[in-house]
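The primary structure of each chain is shown beneath.
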Amino acid sequence: MAYGNISVIKVRDILLVTVPPDPDDLTVTELQEQVLQAMAVHEAKGLIFNLSTVDTIDSFFARTVTETVKMAALMGGLTVLAGMRASVAITTTQLGLSLGSTLTALDVDRAMDLLGTALRREESSA
Amino acid sequence: MTIQTDGSANIVLGAEQSFRLLVENVTDYAIIMLDPSGRIASWNPGAEKITGYRQDEILGQYFARFYTPESVNNGDPEQELKQAVEQGRFEYEGWRMRKDGSRFCANIVMSPLRDPQGTLIGFVKITRDLTDKKTDKKKADYARSLIEASLDPLVTIAPDGKITDVNAATEAATGRSRQALIGTDFCEYFTDPEKARNGYQQVFREGQVRDYPLELRRRDGGTTPVLYNASVYRDENGQVVGVFAAARDITERKRAEERIRQQGREILELSTPVMQVWQGVVAVPLIGTLDSQRTQQFMERLLERIVETNSPVALVDIMGVPTIDTQTAQHLIETITAVRLLGAQVVLTGVRPAIAQTLVHLGIDLSGITTRSSLAAGLSVALDLLNLQVVKKSAHR
């Protein structure tokens, strides 16, 4: 399932979303649509946003991603933001853009581990 | 003295009357007559002003009265009379003495007077007091010697931008003689002629300019960085004549500034090495204070290394930070936030008692951050976060 340069792939019960390098507002909005659609279709328990290819983000992107995380959570999915670049992290902080209290991981691998642990914890407390 | 009229309202004076009127009204020159033997036959207000003698006390006196004792001993008065008789009119400068004994420098013109038959009837002597002129000249010489002695290149610029005067230091600084410089455009001698032009135009507009930076072009092709202080100067009527500019060579200063910048860069390089202490753990000791520039550099370094080494834990040790203020704390918090976005976390270590006190007093909230008083303790936390355990090697193999 790919739309132009957005890719949403299902791996077990996790959705792996790869964000394109320089997403414009249209792409970002489309991303949200795609993610939520996929959530509806697959009822995934976890989402990983792979940001390793993103080299710039603006306030619209930050806002939309945070919203998407909340929306996905409402639909039963826990999100981890993975592989953010150093320069993007610095710019984001300096611009005061908040990504809320969303979980983060150094790469997709670790994001998987993190989700695994978090979802197991949820299950055991359920 | 008869006064004639020509029928109109004008009074026509005879020649003698005219002459008398003239002489009586001149106060800047001593115009006197001597008889053939050198005795004073007539006096004028100028003579009184210059020498101090009144007419009633000087008439009939021998004219050597005004000569200095040395001159009199030398036989100067007689020499001069003789010269006047033999040569006719002559002019010279010499020292004279006033009634009060003070000396003055005089310009003297002596002329023999003869009757129509050619017989000597006396002399006319016109004397001018040069003291003021000499003082003025002395003052001017003094001022000029100061200008030439100045180590700073000095220059005057006319409103059209041409150099009107320079001093020795300017010749040395440009490598050109004053003849070559005077009359040429001031702007020619700089690497940025437009900037130089704007500079002196600003002085003409605003009256002065301070520390105006320019690069002087020397004849040998090299350049010298200078700072100009310049102001307008005026004539006695208050009209602006031109700009007087002094250049200060700042080559040494620029060199020193560059050295300081270089050292600053070196210090920045030295103080933020980010080291990997274990798989998944990096550590960085912070030395000194954190200003905006250092924070930027620090953040970039740290985050890059975290990504490079794929380390989820970063130990930031602040043992080497002498004092912590609100700004530094903010910078630290900023860094920690950025690290979080990457998917790693910071353990702040090396929190000394003094720092702990300051942080609480300043009301800085670090509650979201794990902190320890030593790097070792921080490492322990790191290993724990990574689910690692340090186990002693068993005694037997």
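Structure first, text after, so check above.
All figures in this text were calculated on a predicted structure; none of them were measured in a lab.

A. Inspection of the overall build of chain A at higher detail. Along the backbone of chain A there are four helices and six strands. Along chain A, from the amino end to the carboxyl end, the secondary structure elements read β-β-β-α-β-α-β-α-β-α. Taking all 126 residues of chain A together, 47% fall into the buried category. For chain A, restricting intrachain contacts to residue pairs at least 6 apart in sequence, the fraction spanning at least 24 positions comes to 75%. For chain A, the computed accessible surface area is about 6500 Å², with 54% contributed by carbon and sulfur atoms.

B. Spotlight on the pattern of salt bridges. Evaluation of the coordinates by the stated rule reveals 23 salt bridges over all chains. For A:D55, the salt bridge identified is with A:R85, shortest N-O distance 3.8 Å. Of the two residues, A:D55 is situated in the loop between β4 (46-50) and α2 (59-74) and A:R85 in the loop between β5 (78-82) and α3 (86-94); the sequence distance between them amounts to 30 residues. Given the relative accessible area of 38%, A:D55 is considered partly exposed. B:K82 serves as the salt-bridge partner of B:E86, at 3.8 Å between the closest nitrogen and oxygen. Highlighted residues: B:E86 and B:K82, both in helix α5 (residues 76-87), separated by four residues, approximately one helical turn. Salt bridges sharing partners connect three or more residues here, namely B:R144, B:E148, B:D165, B:E171 and B:R178.

C. Geometry of the interface of chain B and chain A. Each partner contributes residues to the interface: chain B has 18 residues there, and chain A has 14 residues. Between chain B and chain A the total buried area reaches about 1300 Å² when both faces are included, carbon and sulfur atoms providing 65% of it. Ranking the residues of chain B by area buried against chain A places B:N310, B:L341 and B:L342 at the top, with a combined share of 46%. Where chain B meets chain A, there are zero salt bridges. Scanning the region where chain B abuts chain A turns up six residue pairs in polar contact (both at pLDDT 80 or more). Where the side of chain B that touches chain A is concerned, the elements lending two or more residues are α11 (292-309) and α12 (326-342) of chain B. By residue number, the principal contributor to the side of chain B that touches chain A is α11(B), which donates seven residues. Split into classes, the residues belonging to the side of chain B that touches chain A amount to nine nonpolar, five polar and four charged.

Analysis parameters
- Position numbers for residues count from 1 along each chain, tracking the sequence in the order it is written.
- Chains carry letters from A onward and ligands carry numbers from 1 onward, assigned in written order.
- The predicted nature of this model means local features are confined to residues of pLDDT at least 70 and side-chain atom pairs, given and counted, to a pLDDT of 80 or more, with totals for whole chains, interfaces and linings taken over all residues.
- Working from all heavy atoms in the structure, the side-chain values ignore hydrogens and water.
- Secondary structure is summarised from DSSP: a helix means a run of H or I of at least four residues, a strand means a run of E of at least two, and numbering begins at the N terminus for each.
- Partly exposed residues are those whose accessible area sits between 20% and 50% of the maximum for their type, while under 20% is buried and over 50% is exposed, using a 1.4 Å probe and protein chains only.
- Any pair of residues with heavy atoms lying within 4.5 Å of one another is described as a contacting pair.
- The accessible surface values rely on the Shrake-Rupley method and a 1.4 Å probe; as for residues, cover is taken only from the protein chains in view.
- Note on definitions: salt bridges are taken to be side-chain nitrogens of Lys or Arg within 4 Å of carboxyl oxygens of Asp or Glu.
- Buried area is understood as the total, over both parts, of accessible area removed when two parts are fitted together, assessed with a 1.4 Å probe.
- We define a polar contact as two N or O atoms separated by no more than 3.5 Å, with the added condition that, inside protein, one atom must be a possible hydrogen donor and the other a possible acceptor, whereas residues neighbouring each other in sequence contribute only through side-chain atom pairs.
- Only Asp, Glu, Lys and Arg are considered charged in this grouping, and only Ala, Val, Leu, Ile, Met, Phe, Trp, Tyr, Cys and Pro are considered nonpolar; every other residue, Gly among them, is considered polar.

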